[in-house]
2 protein chains.
Amino acid sequence: MKKMNNSLKEISETILNSRQVLIASHINPDGDNLGSSLALYLTLKKLSKNANVLWVDSIPSDYLFLPEIENIKRKEDLNIEDNYTLITLDSANLDRLGINKELAVNASKLINIDHHISNTKYGDLYYVDSESSSTGEIIFELIKELNVDLDSEISNCLYTAISSDTGSFMYSNTTSKTHKIVSKLYENGLNTDEININLYQSNSYKKTILQSKVLMELELYHENKLAVGIVDGDILKSTDTSMEDTEGIVEKIRDIKGIEVAVLIKENYENFKISTRSKRYVNVSKLCEKFNGGGHIRAAGCTLDKENTLEQIKTNFIKEIGKDI
Amino acid sequence: MKKMNNSLKEISETILNSRQVLIASHINPDGDNLGSSLALYLTLKKLSKNANVLWVDSIPSDYLFLPEIENIKRKEDLNIEDNYTLITLDSANLDRLGINKELAVNASKLINIDHHISNTKYGDLYYVDSESSSTGEIIFELIKELNVDLDSEISNCLYTAISSDTGSFMYSNTTSKTHKIVSKLYENGLNTDEININLYQSNSYKKTILQSKVLMELELYHENKLAVGIVDGDILKSTDTSMEDTEGIVEKIRDIKGIEVAVLIKENYENFKISTRSKRYVNVSKLCEKFNGGGHIRAAGCTLDKENTLEQIKTNFIKEIGKDI
């Protein structure tokens, strides 16, 4: 395995020399993944390349506004030649490619572009930069290397990628370079109005009610520095929502003034899924490791089986968090 | 009255030639106002100028993290000389200065720096740029003109100003220049962690409960494109909150998917205050003008007296909005 990134120049040349280019998005596609994939697709179209983005998993409705999203195609619907280059974006390992993994393994050239520190550096060529806030930032540089002018559609895709991976520039992965790139996107036709509505003003009414209900029933511990929210079948039923609609709730709990640790316990039929967030100093990754989970220091989770009761889980978490808070 | 902005060079020279400089913040000080004032104060301190920021109104607790905020002083506590230069920041007219208006009128030199399109262009010198997202952007340029190097504290103040007036770069006043400036702040020691916690993760628990309750009791009209929330004495009492805690709720209503117009009706003893927001196409400024109010096309308000009942107000608004939605 190579130790060093290939240059974006080498990657660019490989792409330009390819007869067919397939861009693989990852399972549970997100804004960075979809925005980066479509930005690269639009760029290759401007170069009249035979290029496509591969469908891998259902696309969240929040991203359906993206240009060319309807042209993300299932592999069965494509005329795939014997020799093709496959580019994975934002995918730390090949399993992230889901149903397209085999296509990656069989590619004449496999190119891996990502910003995850956990990337396994697979591929014939790779460019992994964990200093980048998002894969979108890297694609911005690659487009420069491909010598294609940005336009409004490409800029909108790259902004979607960068904004969604930085929480609209609030997360600590945001850098001077992030803002410099976005500044350039504005100079090339970026229009953020519809993007920001779709990314940040699109919680469904039912989801809003669910969030509100969970927030109203929070339990507070440790001088109100720990808040525990609970989602069970009853609350989902009463709000006509599903577990997917719990996305974003644990962050809303953390965002309350004075809260250092937010815990959301989601009770499923077969297990409890627990999400944790911290604001300033508690290492929730370490906390979740005690329960065979893990993650990042400010965002982590774990899964516990039903041998535990909800009360036991709460008691254990409250006790463990008490050591750090 | 002059027709044209003075240059920042002229303003900078006037400041450098002043023996004493007073910086006036405005009533209901906000992030742009406080961040800009303190950035300029820190800059003038680096130049060893006799400078102060004048206290005008209580400072929201969210901004107490700003450097030097404790050095914002009441005029009574300052040794004000016969000749002084007073700089107003972010204040469209002299009434915004509250208790410090007279000091402005009596200043040897009055300098007016602002980004509001409604600025009356008062002052011996003024610089009003409505293309700037925030007064913070203008102060960034002024500091360059004053030839002072940015440092971490100044950068943090300017970021607070810019981020709060652009809603973390989401509002449509954000430009290429906005991002270019923030990129430079990062290069000069900006650390956003504590700022973003204070600006965006500091709703009190009680306020969170109030918000949740209002959201859970929304009334929906016009195929769920209009949502009406109501805050009265009962809901405030039951959540132990005050009218100030309603800040931000109408935006949360607008942020629900499918909602085009959000209306929040706040019942006081003496009147009803109504806040409105729209997402894409309804002109709520025009709407509120029909009720003797006004504002911007996507954010407006009005006040109605108690000759109207809550039901009448709702009926009238629903009817008027029905024409545009």
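Residues numbered from 1 in each chain as written. Chains lettered and ligands numbered in written order. Predicted model: local features only at pLDDT ≥ 70, side-chain atom pairs only at ≥ 80, totals over all residues. Heavy atoms only, no water.

(A) Summary view of the interface of chain A and chain B. Between chain A and chain B, the contact holds 41 residues from the first and 41 residues from the second. Of the roughly 3,700 Å² buried at the junction of chain A and chain B (both faces included), carbon and sulfur atoms supply 56%. Seen at the junction of chain A and chain B, the total is six salt bridges. Close ionic contact of B:R280 with A:E194 constitutes a salt bridge, the shortest N to O distance being 2.3 Å. Seen at the junction of chain A and chain B, the total is 22 residue pairs in polar contact (both at pLDDT 80 or more). Among the elements of the structure, α6 (176-187), α7 (193-200) and α8 (205-216) of chain A are those that each provide at least two residues to the side of chain A that touches chain B. Considered class by class, the residues forming the side of chain A that touches chain B number 14 nonpolar, 16 polar and eleven charged. (Contact = heavy atoms within 4.5 Å. Buried area = accessible area lost by both parts, 1.4 Å probe. Salt bridge = Lys/Arg side-chain N within 4 Å of Asp/Glu carboxyl O. Polar contact = N/O pair within 3.5 Å; in protein donor to acceptor, adjacent residues only side chain to side chain. Helix = DSSP H or I, 4+ residues; strand = E, 2+ residues; numbered from the N terminus. Nonpolar A, V, L, I, M, F, W, Y, C, P; charged D, E, K, R; others polar.)

(B) Representation of the relation of the copies chain A and chain B within the structure. When chain A is brought onto chain B, the operation consists of a screw motion whose angular component is 180 degrees and whose axial shift is 0.0 Å, with 0.0 Å RMSD remaining. Interpreted geometrically, this transformation is the action of a two-fold axis. Measuring from the rotation axis to each C-alpha of chain A, the shortest distance belongs to A:S212, at 2.2 Å. (Least-squares fit on C-alpha atoms with pLDDT ≥ 70 in both.)

(C) Structural detail: the packing of aromatic side chains. Applying the stated rule across the entire model yields five aromatic pairs over all chains. Each ring, one from A:F169 and one from B:F169, has its centre 5.8 Å from the other, and the planes form 90 degrees; the classification is edge-to-face. In this pair, A:F169 sits in the loop between α5 (152-166) and α6 while B:F169 sits in the loop between α5 (152-166) and α6 (176-187), so the two residues belong to two different chains. B:F169 shares its class with A:F169; the two are buried. Seen in terms of ring centroids, B:Y159 and B:F169 are 6.0 Å apart; in terms of plane orientation they differ by 55 degrees. Their pairing is tilted. (Phe/Tyr/Trp six-rings, centres within 6.5 Å; stacked < 30°, edge-to-face > 60°. Buried < 20%, exposed > 50% of the residue type's maximum accessible area, 1.4 Å probe, protein only.)

(D) Highlighting unusual backbone geometry. At A:S168, a position not held by glycine, the phi torsion is positive, near 50 degrees. Position of A:S168 among the secondary structure elements: in the loop between α5 and α6. With relative accessibility at 0%, the residue A:S168 sits in the buried group. Phi angles above zero are rare outside glycine, and B:E68 is one such case at about 70 degrees. With respect to the secondary-structure elements, B:E68 resides in the loop between β2 (50-54) and β3 (72-73). Given the relative accessible area of 23%, B:E68 is considered partly exposed.

(E) Focus on the pattern of salt bridges. Under the definition given, this model contains 38 salt bridges over all chains. Residue B:D62 pairs with A:K257 through a salt bridge whose shortest N-O separation is 3.4 Å. Residue B:D62 is located in the loop between β2 and β3, and its partner A:K257 is located in the loop between α10 (249-254) and β9 (261-267); the two belong to separate chains. Since its relative accessible area comes to 35%, A:K257 is described here as partly exposed. Connected via shared salt-bridge partners are A:E141, A:K144 and A:K177.

(F) Focus on the packing of helix α2 (residues 31-46) of chain A against α5(A). Residues and elements named next belong to chain A. In the contact formed by α2 and α5, the axes pass within 7 Å of each other and the chain directions differ by 160 degrees. Taken together, the axes of α2 and α5 are roughly antiparallel relative to one another. The hand of the α2/α5 crossing is left-handed. On α5, the residues touching G31, D32, G35, S36, L38, A39, L42, T43 and K46 of α2 are E153, I154, C157, L158, T160, A161, S164 and D165. Split by residue class, the contact of α2 with α5 holds seven nonpolar, six polar and four charged. (Axes fitted to C-alpha atoms, helices over the stretch in contact; angles between N-to-C directions. Parallel < 35°, antiparallel > 145°, perpendicular 65-115°, else oblique. Left-handed = near helix turned anticlockwise from the far one by under 90°.)

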